[in-house]
Amino acid sequence: QTEKLSIINDPFNVDSIENIVFFYRPKKNYCSSTVEFKNGNTKGEQIFEAKDFDDCVIQVKEFLKTL
């Protein structure tokens, strides 16, 4: 039995985080954040949305604890 080789590497782990980007529009009561991952040639992202910056930060921090 031979093992299948995969060119897809799971990017969703703490060691594969490339960037954490926040976008905040206080006059619109809107904040979003994107956690960007890259593992080899495989990329992924997780997006968060909230009405204020603090809530957006809390969402990202809680997500990072799950990795």
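The model shown is predicted, which means the values in this text are computed figures rather than measured ones.

1. Overview of a nonpolar patch on the surface
On the surface, Ile 20, Phe 22, Tyr 24 and Phe 53 cluster together into a nonpolar patch covering about 330 Å² of accessible area. A per-element tally of the nonpolar patch places strand β1 (residues 17-25) first, with three residues. Looking at the element boundaries, Ile 20 is found in strand β1.

2. Structural notes on the nonpolar core
In this structure, Val 35, Phe 37, Phe 48, Val 60 and Phe 63 together form the largest nonpolar core, which totals five residues. Sequence-distant contacts of Val 60, that is, excluding residues within four places in its chain, are made with Ile 20, Phe 22, Ser 33, Val 35 and Phe 48.

3. Describing the sheet that holds strand β3 (residues 42-50)
Pairing is antiparallel across the open sheet formed by three strands, whose spatial order is β1-β2-β3. Each of the sheet's edge strands pairs with one partner strand only, and the pair in question is β1 and β3. Direction aside, the axes of adjacent strands within the sheet are offset by 15° on average. Sheet analysis places strand β2 (residues 30-39) next to β3, joined by nine bridges and oriented antiparallel. Counted as the bridge partner of Lys 38 is Lys 43 from β3.

Calculation rules
Residues numbered from 1 in each chain as written. Predicted model: local features only at pLDDT ≥ 70, side-chain atom pairs only at ≥ 80, totals over all residues. Heavy atoms only, no water. Patch = residues over 30% accessible without salt bridge, like charges linked within 9 Å, V, L, I, M, F, W, Y side chains within 5 Å. Areas by Shrake-Rupley, 256 points an atom, 1.4 Å probe, with all protein chains shown as cover. Salt bridge = Lys/Arg side-chain N within 4 Å of Asp/Glu carboxyl O. Helix = DSSP H or I, 4+ residues; strand = E, 2+ residues; numbered from the N terminus. Core = buried A, V, L, I, M, F, W, Y, C linked by side-chain atoms within 4.5 Å. Buried < 20%, exposed > 50% of the residue type's maximum accessible area, 1.4 Å probe, protein only. Contact = heavy atoms within 4.5 Å. Pairing = 2+ DSSP bridges. Axes fitted to C-alpha atoms, helices over the stretch in contact; angles between N-to-C directions.

Distances and angles like these do not, on their own, reveal function.
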